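Each chain is listed here by its residues.
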Amino acid sequence: MTTADFVVVANRLPVDRVTGPGGDSWRRSPGGLVTALEQVMKKVDGAWVGWPGRADLDVEPFDFDGTLLVPVKLSSDDLENYYEGFSNDTIWPLYHDVIAAPRYRRVWWDSYVRVNRRFAEAAAAAAADGATVWVQDYQLQLVPRMLRELRPDLTIGYFHHIPFPAYGLYSQLPWRRQVIDGLLGADVIGFQRVADAGNFARAVRRIHHYTTKASGITIPLQDGGHRIALAKAFPISIDADGYIELAERPDIQARAAEIRESLGNPKKILLGVDRLDYTKGIRHRMKAFGELLEDGRVEVGDVTLVQVASPSRERVQAYAQLRDEIELTVGRINGQFDTMTNTAIRYLHQSYPREEMVALFLAADVMLVTALRDGMNLVAKEYVATRLDNRGVLVLSEFAGAADELASAVRINPHDIDGMKDAIVRAIDMPAAEQGRRMRALRRKVLENDVARWTRDNLDALDVARQAKLREQAS
Ligand code: G6P
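What counts as what
Residues numbered from 1 in each chain as written. Predicted model: local features only at pLDDT ≥ 70, side-chain atom pairs only at ≥ 80, totals over all residues. UniProt positions renumbered as here; feature names shortened; annotations may be inferred. Helix = DSSP H or I, 4+ residues; strand = E, 2+ residues; numbered from the N terminus. Rg over C-alpha atoms; globule rule 2.2 N^0.38 Å. Buried ≥ 20, exposed ≤ 12 C-beta atoms within 10 Å, placed from the backbone. Pairing = 2+ DSSP bridges. Contact = placed C-beta atoms within 7 Å. Axes fitted to C-alpha atoms, helices over the stretch in contact; angles between N-to-C directions. Near = placed C-beta within 6 Å. Nonpolar A, V, L, I, M, F, W, Y, C, P; charged D, E, K, R; others polar. Core = buried A, V, L, I, M, F, W, Y, C linked by C-beta atoms within 7 Å. pLDDT = per-residue confidence, 0-100. Expected span 1.5 Å × (residues − 1). Parallel < 35°, antiparallel > 145°, perpendicular 65-115°, else oblique. Left-handed = near helix turned anticlockwise from the far one by under 90°.

- Labelled according to an unreviewed UniProt entry, the protein appears under the name Trehalose 6-phosphate synthase, originating from Microbacterium thalassium.
- What the UniProt record of the protein gives under Sequence similarities (unreviewed entry) is the line "Belongs to the glycosyltransferase 20 family."

Pasting the structure below:
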């Protein structure tokens, strides 16, 4: 197999398998990480190791747009135990402050170890001598160490897209030491927030008593020496220019007007856009909105809430249950408050192309991001980027990583329903001048810190690590 100087390892490949009349083909997937790395992958001799998105699909490595895609096969058993089980029913809830109860099952862990090894082996085979390998996210926390053992010549990065919890929670994990050791196999360990990097460093100190200083973690080696791993915040962002271009398009602006029209031209449109996930605070948001209708502080016809909840991880029980709860709530609220011409909540359990999402952002006067815990929340940044006229209000949970940067949003604690209700009313009534002041400040942040900067900062840090490694080898 040909090898590459730069290898990305992620649970998913950057393409989706689509079945059309002419048979199956691959299409670039719409995800944020894919967009983030598109430019980089074009410039380098790159490979991407990942799961092709369907159970038991067995495909040979192939070229896609100049990148070598290396599929890792997952059986339906692997999906049940490694993906739905350990990744999304153990790590995901534990790392999101146990909003749902994590389940600790030994068969899931065993599968996680096996599948992580498979990814590590595939990456080791795809990487050229002295290459840089960048591992992504919580599904693959053991890969950095496995890879270092297989290929000590590589420079290894890892980026953690979700929160890293406080030690009081993390310490529940029966395999807490193995996971920390897995991550410490990387030379650069990136997190969304400074607090996440801090929680990680604290876990390392508690478990291993290693010294941590600024962002450096000193890891003792068997030969009596040591190496330094960097654990640092690199807040991820969006392709702001890409969103601006879409927001400028007359057809998308026309579509925004059409959306308003089709909702009966309410005075204000509130919008929520989330994967249907219990971390996103969708129920809390609906409770607040339902009470505002109940209290008569907002009227159907004046205000409509559009909630896009895209289907996600539907075979995991906590997700199926959440869907039932949300759909019950929407049904109740709409049943009580809808009129023949207007709806209280327009609920859409669907995914949409980016163009339609931008039209929705343009149509929305108030964007509600009420996550109970979120690594970053790119939707908040996407909304801000598309508001070319500096109007619109972002209501943003303090528990989303984006809150660290987006200080000019209307900040809320989603657990405080009364506080959230007041914030929503304040956002609905906010004078244009205040909207402008806040939105300009928000847009400045998002446009300055776009995803190109995120990739550059990460790759620069990896390059520094690689240079240090080369110097060490030479001495
Ligand atoms: C989050 C995670 C990603 C994941 C995405 C979609 O953003 O950080 O790693 O890919 O959710 O979830 P899914 O389970 O469908 O890949």
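Having put the structure on the table, let's press on.
1. A closer look at the overall build of the protein
Okay, step 1: The number of helices and strands found in the protein is 16 helices and 18 strands.
Okay, step 2: Its C-alpha atoms give the protein a radius of gyration of 23 Å, near enough to 23 Å, the size a compact globule of 475 residues would have.
Okay, step 3: Considering the protein as a whole, with its 475 residues, one finds that 48% of them fall into the buried category.

2. Overview of the sheet that holds strand 10 (residues 212-213)
Okay, step 1: Strand order in this open sheet of ten strands is 5-6-4-1-7-8-9-12-11-10, and the pairing throughout is mixed. Each having just a single partner strand, strand 5 (62-64) and strand 10 make up the two edges of the open sheet.
Okay, step 2: Pairing between strand 1 (residues 4-12) and strand 7 (residues 127-136): five bridges, direction parallel. Bridged to Val8 within strand 7 is Trp134.
Okay, step 3: Helix 4 (residues 143-150) rests against strand 1, strand 7 and strand 8 (155-159) of the sheet, and its axis sits at about 175° to strand 8.

3. A word on the site of the ligand
Okay, step 1: Around the ligand, the neighbouring residues are Arg12, Asp137, His161, Ile162, Ser312 and Arg313.
Okay, step 2: Looking at the shell around the ligand residue by residue, the class counts come to one nonpolar, two polar and three charged.

4. Section: the environment of Arg411
Okay, step 1: Position of Arg411 relative to the elements: it lies in strand 18 (residues 410-412).
Okay, step 2: Expressed as a C-alpha distance, the spacing of Arg411 and Leu396, which sit 15 residues apart in the sequence, is 4.9 Å.
Okay, step 3: For Arg411, the contacting residues outside a window of four places in its chain are Leu396, Glu398 and Ala403.

5. Notes on the nonpolar core
Okay, step 1: Ranked by internal contacts, the top residues of the largest apolar core, which has 150 residues, are Val7, Val9, Val49, Ala123, Val133, Leu394 and Val395.
Okay, step 2: Among the elements that take part in this core, helix 3 (residues 106-126) stands out by supplying ten residues, more than any other.
Okay, step 3: Discounting chain neighbours no more than four positions away, the residues touching Leu394 are Met367, Val369, Ala380, Tyr383, Val384, Leu406, Ala409, Val410 and Leu442.

6. Some remarks on the pairing of strand 2 (residues 15-20)
Okay, step 1: Here six bridges tie strand 2 to strand 3 (residues 23-28), and the two strands are oriented antiparallel to one another. The residue bridging Asp16 from the neighbouring strand is Arg27, located in strand 3.

7. Overview of the confidence of the model for the protein
Okay, step 1: Confidence in the prediction of the protein, expressed as mean pLDDT, is 97, and 100% of residues score 70 or more.
Okay, step 2: Taken together, the chains of this predicted complex give a pTM of 0.97 and an interface ipTM of 0.97.

8. A closer look at the pairing of strand 1
One face of the sheet, then the other: side chains in a regular strand alternate in exactly this way.
Okay, step 1: Strand 1 sits mainly inside the fold: seven of its nine residues count as buried.
Okay, step 2: Strand direction decides the pairing type here: strand 1 and strand 4 (residues 46-51), joined by five bridges, are parallel. Paired with Val8 across the bridge in strand 4 is Trp48.

9. Side note on unusual backbone geometry
Okay, step 1: Positive phi outside glycine occurs at Asp137, with the angle close to 75°.
Okay, step 2: Its place among the elements puts Asp137 in the loop between strand 7 and helix 4.

10. A word on the sheet that holds strand 16 (residues 366-369)
Okay, step 1: Ordered by their spatial adjacency, six strands build an open sheet running 15-14-13-16-17-18, and the pairing between neighbours is parallel. Of all the strands in the sheet, the pair left with one neighbour each is strand 15 (345-348) and strand 18. Sheet twist, expressed as the mean angle between neighbouring strand axes with direction ignored, is 20°.

11. Structural notes on the environment of Arg17
Okay, step 1: With respect to the helices and strands, the residue Arg17 is situated in strand 2.
Okay, step 2: What makes Arg17 partly exposed here is the crowd of 15 C-beta atoms within 10 Å.
Okay, step 3: Beyond its immediate stretch of four places on either side in the chain, Arg17 contacts Asp24, Trp26, Pro52, Gly53, Arg54 and Leu57.

12. A closer look at the environment of Leu271
Okay, step 1: Tracing the sequence through the fold places Leu271 in strand 13 (residues 268-275).
Okay, step 2: Excluding residues within four positions of it along the chain, Leu271 makes contact with Val306, Leu360, Ala364, Met367 and Leu368.

13. Points about helix 10 (residues 282-294)
Okay, step 1: Here helix 10 contains 13 residues, and its C-alpha end-to-end distance of 18 Å stays within 8% of the 18 Å for a straight helix at 1.5 Å per residue.
Okay, step 2: Of all the residues in helix 10, the buried ones are Ile282, His284, Arg285, Met286, Ala288, Phe289, Gly290 and Leu292.
Okay, step 3: In the stretch just after helix 10, Gly296 is the one whose phi turns positive, near 75°.

14. Quick look at the packing of helix 8 (residues 240-248) against helix 13 (residues 378-386)
Okay, step 1: Remark: helix 8 packs on helix 13, axes separated minimally by 8 Å, with the N-to-C direction vectors making an angle of 50°. The orientation of helix 8 relative to helix 13 falls into the category oblique. Handedness of the crossing formed by helix 8 with helix 13: right-handed. Of the residues in helix 13, those touching helix 8 at Ala240, Tyr243, Ile244 and Ala247 are Glu382, Ala385 and Thr386.

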